[in-house]
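# Results of the structural survey
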Amino acid sequence: MTQRTTVGQDDQPLLDVTDLQIELVTAGGVVRAVDGVSFTVRHGETVTLIGESGSGKSTTAMGVLRLLPEGLAVLSGSVRIAGRDVLADPDAARAVRGRTVSLIPQDPMTALSPVHTVGRQLGDAIRLRHPELTRAQVRDKGVELLGRVRITKPETRWKAYPHQFSGGMLQRILIAIALAGEPDLLVADEPTSALDATVQAGVLDLLMELQERTGIGMLMITHDLGVARLVSDRIHVMKDGRFVESGPAEQIVARPAAPYTRDLLAAVPRLGAWDEDEPLVEGAAS
Amino acid sequence: MPTYLARRLGQSLLTVFLTLTTVFLLVRLAPGDPAAAYAPPSASSADLARIRAEFGLDDPLFTQYGIFLRDLFTGNLGTSYSFHAPAFDVVMDRMPYTVTLAVAALAVTTLVAVPLGVWMARRADTKRELGANVMTIAGQSMPDFWTGVMLLTVFAVLFPVLPASGFTTWSGLVLPTLTVAVLQLALVSRLVRREMVSALTSPYVTVARSRGVSEHALTWRYALGNSAVPLVTALGTRFAALLNGVVVVEVVFGWPGVGSLVVRALETRDYPLIQATVLVTATLAILVQLLVDLAYPLLDPRVRLGKAA
Amino acid sequence: MSSTAIETERPSAVTPRDLARATATRTRRSAQVKLWAGAVCTALVVVPVALANVLPLPGANAQDLSRRRLPPLSEGHLLGTDQLGRDLLSRILHGGQVSLTVGVLAVLVSGLIGIAAGAAAGFFGGWIDALVSRFLEAQLALPLLMMLLLVVALFGPSVTVITCVIAVAQWPEVARLTRSLVLVEREKPYVAAARVLGLRAWQVLLRHVIPNVVRPASLVVLLLLAQAVLLESALSFLGAGPQRPFATWGRIISDGQAYITTSWWLVTLPGLVIALLVVGVNLLGDGLRDRTRRRKGAGA
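This is a predicted model, so every value here is computed, not measured.

### Focus on the overall build of chain B
Secondary structure assignment for chain B yields 13 helices and zero strands. Shown N-terminal to C-terminal, the secondary structure of chain B runs as helices and strands in the order α-α-α-α-α-α-α-α-α-α-α-α-α. Its C-alpha atoms give chain B principal-axis dimensions of roughly 85 × 60 × 30 Å. Counting across all 309 residues of chain B, residues that qualify as buried make up 51%. Here the contacts in chain B between residues at least 6 apart in sequence split such that 73% fall between residues at least 24 apart. For chain B, the exposed area adds up to about 13,700 Å²; of that, 68% sits on carbon and sulfur atoms. Charge centroids of chain B, computed over 23 positive and 18 negative side chains, lie 16 Å from each other.

### Focus: the interface of chain C and chain A
Listed as interface residues are 17 residues of chain C and, on the opposing side, 16 residues of chain A. When the two sides are added together, the surface that chain C and chain A hide from each other amounts to roughly 1,300 Å², 59% of it contributed by carbon and sulfur. Summed over the shared surface of chain C and chain A, the result is zero salt bridges. Here chain C and chain A share four residue pairs in polar contact (both at pLDDT 80 or more) between them. Only α1 (16-21), α2 (23-50) and α11 (265-299) of chain C provide two or more residues apiece to the side of chain C that touches chain A. The element that contributes the greatest number of residues to the side of chain C that touches chain A is α2(C), accounting for four residues.

### Let's talk about the interface of chain C and chain B
Contact residues are listed per partner, giving 46 residues for chain C and 53 residues for chain B. Taken together, both faces of the contact between chain C and chain B bury some 4,500 Å²; the carbon and sulfur share is 76%. Of all residues in chain C, C:Met146, C:Leu150 and C:Leu154 bury the most surface against chain B, accounting for 15% of the area lost on that side. For the interface between chain C and chain B, the tally reads one salt bridge. Across the pair C:Asp286 and B:Arg190 runs a salt bridge, and its minimum N-O distance is 2.8 Å. Listed by contribution, the elements that provide at least two residues to the side of chain C that touches chain B are α2, α4 (126-140), α5 (144-155), α9 (220-237), α10 (249-256) and α11 of chain C. The element best represented in the side of chain C that touches chain B is α11(C), accounting for 12 residues. Across the side of chain C that touches chain B, the residue classes break down as 30 nonpolar, nine polar and seven charged.

### Looking at the pattern of salt bridges
On inspection of all chains with the given rule, the structure shows 28 salt bridges over all chains. With a closest N to O distance of 3.9 Å, A:Asp124 and A:Arg127 form a salt bridge. Highlighted residues: A:Asp124 and A:Arg127, both in helix α3 (residues 118-129), separated by three residues, approximately one helical turn. The class of A:Arg127 is partly exposed, set by a relative accessible area of 34%. Among the charged side chains, a salt-bridge network with shared partners connects B:Arg190, C:Lys34, C:Asp286, C:Arg289 and C:Asp290.

### With respect to the confidence of the model for chain B
When pLDDT is averaged along chain B, the result is 84, and 93% of the positions lie at 70 or above. In the predicted assembly, ipTM is 0.84 and pTM is 0.85.

### Comments concerning the confidence of the model for chain A
Residues and elements named next belong to chain A. Per-residue pLDDT for chain A averages 85, and the proportion of residues at 70 or more is 90%. Contacts of residues 1-9 to residues separated by more than four positions or lying in other chains number 17 contacts, the stretch itself having pLDDT below 50. Ignoring residues within four places in sequence, the model shows residues 269-286, a span with pLDDT below 50, making 14 contacts including any to other chains.

### Considerations on the packing of aromatic side chains
Counted according to the given criterion, the structure contains seven aromatic pairs over all chains. On the numbers, 5.0 Å between centres and 40° between planes, the contact of B:Phe24 with B:Phe68 is tilted. On the criterion of sequence distance, the pair formed by B:Phe24 in helix α1 (residues 2-29) and B:Phe68 in helix α4 (residues 61-73) is long-range, its members being 44 residues apart. A relative accessible area of 2% means that B:Phe24 is categorised as buried. Seen in terms of ring centroids, C:Trp264 and C:Trp265 are 5.8 Å apart; in terms of plane orientation they differ by 90°. Their pairing is edge-to-face. Three or more aromatic residues joined by ring pairs make a cluster, and in this case those are B:Phe24, B:Tyr65 and B:Phe68. Directly above the ring of A:Tyr260 sits A:Lys239, whose terminal nitrogen or CZ lies 5.5 Å from the centroid.

### Concerning the sheet that holds strand β4 (residues 73-81) of chain A
Residue and element names in this part refer to chain A. What the four strands build is an open sheet, ordered β2-β1-β4-β5; its pairing is antiparallel. Each edge of the open sheet is held by one strand with a lone partner, namely β2 (29-41) and β5 (84-85). In this sheet, β4 lies alongside strand β1 (residues 15-26) in antiparallel orientation, the contact comprising eight bridges. Within the sheet, the bridge partner assigned to Asp16 lies in β4 and is Arg80.

### Here we look at the pairing of β2(A)
Looking along a regular strand, one sees the side chains alternate between the two faces of the sheet. Residues and elements named next belong to chain A. Note that β1 and β2 share 10 bridges and pair antiparallel. Bridged to Leu15 within β2 is Val41. Joining the antiparallel neighbours β1 and β2 is a turn of two residues.

### Focus on helix α7 (residues 197-214) of chain A
Counted at 1.5 Å a residue, the expected span for α7(A) with its 18 residues is 26 Å, and the 26 Å between its end C-alpha atoms agrees. Every buried residue of α7(A) is listed here: A:Gln200, A:Gly202, A:Val203, A:Leu204, A:Leu206, A:Leu207, A:Leu210, A:Gln211 and A:Thr214.

### Side note on a nonpolar patch on the surface
Residues and elements named next belong to chain C. On the surface, Val104, Leu105, Leu108, Val109, Leu112 and Ile113 cluster together to form a nonpolar patch covering roughly 520 Å² of accessible area. Within the element layout of this structure, Val109 appears in helix α3 (residues 88-124). Classification of Val109 as partly exposed rests on a relative accessible area of 32%.

### Thoughts on the nonpolar core
One finds B:Ile274, C:Leu235 and C:Trp249 to be the most contacted residues of the largest nonpolar core, which totals 129 residues. Broken down by element, this core gets its largest block of residues, 12 residues, from α3(C). Dropping the residues within four chain positions of it, B:Ile274 is found in contact with B:Val262, B:Ala265, B:Leu266, C:Leu150 and C:Ala153. In this structure, A:Leu146, A:Ala160, A:Ile173 and B:Val207 belong to the second largest nonpolar core, which totals 39 residues.

### So, the sheet that holds strand β3 (residues 46-50) of chain A
Residues and elements named next belong to chain A. Here six strands make up an open sheet; going across it, the order is β6-β7-β8-β3-β9-β10 and the pairing mixed. Each edge of the sheet is formed by a strand with only one pairing partner; in this case those strands are β6 (101-104) and β10 (242-248). Direction aside, neighbouring strands of the sheet carry axes that sit 15° apart on average. Here β3 pairs with strand β9 (residues 234-239) via four bridges, running parallel. Across the sheet, the residue bridging to Val47 is Arg234, located in β9. Seen against the sheet, helix α1 (residues 57-64) touches β3, β6, β7 (185-189), β8 (217-222) and β9 and runs at an angle of roughly 145° to β8. Along the sheet, helix α10 (residues 259-266) contacts β3, β9 and β10; its crossing angle with β9, the most-contacted strand, is approximately 100°.

About the criteria used
Residues numbered from 1 in each chain as written. Chains lettered and ligands numbered in written order. Predicted model: local features only at pLDDT ≥ 70, side-chain atom pairs only at ≥ 80, totals over all residues. Heavy atoms only, no water. Helix = DSSP H or I, 4+ residues; strand = E, 2+ residues; numbered from the N terminus. Buried < 20%, exposed > 50% of the residue type's maximum accessible area, 1.4 Å probe, protein only. Contact = heavy atoms within 4.5 Å. Areas by Shrake-Rupley, 256 points an atom, 1.4 Å probe, with all protein chains shown as cover. Lys, Arg positive; Asp, Glu negative; His and termini not counted. Charge placed at Lys NZ, Arg CZ, Asp CG, Glu CD. Buried area = accessible area lost by both parts, 1.4 Å probe. Salt bridge = Lys/Arg side-chain N within 4 Å of Asp/Glu carboxyl O. Polar contact = N/O pair within 3.5 Å; in protein donor to acceptor, adjacent residues only side chain to side chain. Nonpolar A, V, L, I, M, F, W, Y, C, P; charged D, E, K, R; others polar. pLDDT = per-residue confidence, 0-100. Phe/Tyr/Trp six-rings, centres within 6.5 Å; stacked < 30°, edge-to-face > 60°. Lys NZ or Arg CZ within 6 Å of the ring centre and 35° of its normal. Pairing = 2+ DSSP bridges. Expected span 1.5 Å × (residues − 1). Patch = residues over 30% accessible without salt bridge, like charges linked within 9 Å, V, L, I, M, F, W, Y side chains within 5 Å. Core = buried A, V, L, I, M, F, W, Y, C linked by side-chain atoms within 4.5 Å. Axes fitted to C-alpha atoms, helices over the stretch in contact; angles between N-to-C directions.

Now the structure itself:
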């Protein structure tokens, strides 16, 4: 895989977020959803934002990609993706989306247009990155991508519609679509929370394998400490729009400093008795 | 698919049947003697009795209903009092004019309302959109006969650039079409706006945006593609409502279609003709609705391929 | 929390410009503009119509053949006179009383039918639902105006018949909305609780479910009223409106059509009055709907 276009020096973070603040202008007044968070993601590393629903973790992810509705969210601080400040320059955000950074969405069942074929939507993503390819080449590449995310008999699935797939398969297809842009950074917004426990394991496995192979950087959003523990290099624990604790994954799980983190850990009862040989996701399947 | 087709066809037949029965009951239950309407004013009571016997008006209701249905199947909708010709033929003579007007209005509506609605959805609640929004509300609030008379006054009387009435040249089609289209345009563009606003905020659009799909493609391909089913449904349903507008507008412009026919039949109390007009136009509207419903599978793969997971 | 000690309140980055451009602000502004404009337009028509009998106006049917077809702003006739020398303003206002009464009555009747049928269909389901739904669909697929003309032709153009005819044309809207509201309401715990307490199904429906759906369902009333006024005027225009001495709006316009080239006001002004009222009512309805939607959005 030599798909990587080298972006700056290797010590420059793929994603550099400084004092990001997101305020939502709602009918009920201004709500501060994200209150000054800073973090970085580098090549080959997975950084996880963990918190309960409403903690602002998904808003952070969508804000970083500038996917929040313009009329709703006011963003301040700085977000640099591969060196380009996407908050200062909306064009930069458009330029990096689908090329430098891709999103794996929360609910695979609603994330694909129901009236367009999977091949069409995957093909679109490929063509955006490689406008020079012919239809047949796009298709070949798409089928190869589907194979890479372990869709069986990918060539027969090209003309199928989203409703003909299960949730787990759709999430794999969405990962394939995200990879079509050959990104350096993946933003995974609760990629497994809408899936069954057994399917969750497969999808996480696939993501980790891809990362190992391509050295992609990953920003993972989850509410599930089991998932966070499994995939992360570093964890930021988020509550009410702020980080209450940050650090290496091992440290956060083994020696949580903040009371909130301890509460989160206590909320996953089996985690204490976690064993290296047991399948991880069991503890998470609540 | 075949079950969908069969069920849909059955529903249409049932609707036609319900309509026929309603019309039959209305005509038979109405006060007044149909024979008196048919006979000349000078007719004696013996004449009336003879007419009643001739038309089977003295038979029990159920027998009359049977005869009514049998006649329908043979295309016999009675004889028009004023035209002294089979009512069905009189209606069918006028039908092409009405259909022309309806199709022209529907085409104009679609061509203008879809881009307008998409624009309003993308600019939702800006000052200019608010202005356009109020204009569409005004458009759906004007009585269509009044719009017609106004257009007529301006473009045929004050500035005589278009013919005022009748159908002699194709330019005669312009004003009636516009009049019918104003109301439909307002309604359809508001519907497009509503559908597009919800489509543009749906997850699949956000996810597509996240992978770099252009705003143009998001709007016209993703959002509009997904709004197509509700839009076509609405346009199909609108066809019936559009025929209402056509009736009124035909009267304003002296358009020789079934609308002006039915109003004339009303003045002359020509019941067989009114009845025939109602039945024929109702059947036409139901047919259009059926065609639209049969088009669903082309637009929505979930209907075409079943909901299987 | 221990973190409160070092908490320094971060300044908000929301500028007044952001606030003004926010979707929430814009939606609120749109709703307000619509509500105000709607209220003004409606009041401009409804208040004079309501006061028609009190205002110092010539009688609606007082003819004066020496003062025929006077243009608007003539002495003693603000909106001019018609072909028989009758005061146009007075005719419009008195005609409006008939048109509005017919409209309000029709909406009441269609509301009753619609809520009853829709609630029964949604609550009991089964064959009742199938029957009501089929009727709804059938009626939607028909060019109704012709059917209505047929009914008026057969049963005579009395105010009662015309009210019923308009009500029949409108009940599907109410029924469809009520049905969908009841379908949601039916699944709520209090319905099950009431059933457990031993209330019969129709008692639950009548005492608990219907009171809960009447308010949201009543939002469409304004829109229905607008449609009723339009439909009544269309029927009148086609010669199937209430007969003389009632000078309804549609009839005034259809009478004036013959004089359109010489006396523009006879058609233009009554039409404007109808349009003004219907625009106002539609704007009010739209604004109210936007506002409830926003409330719901804020609550979520």
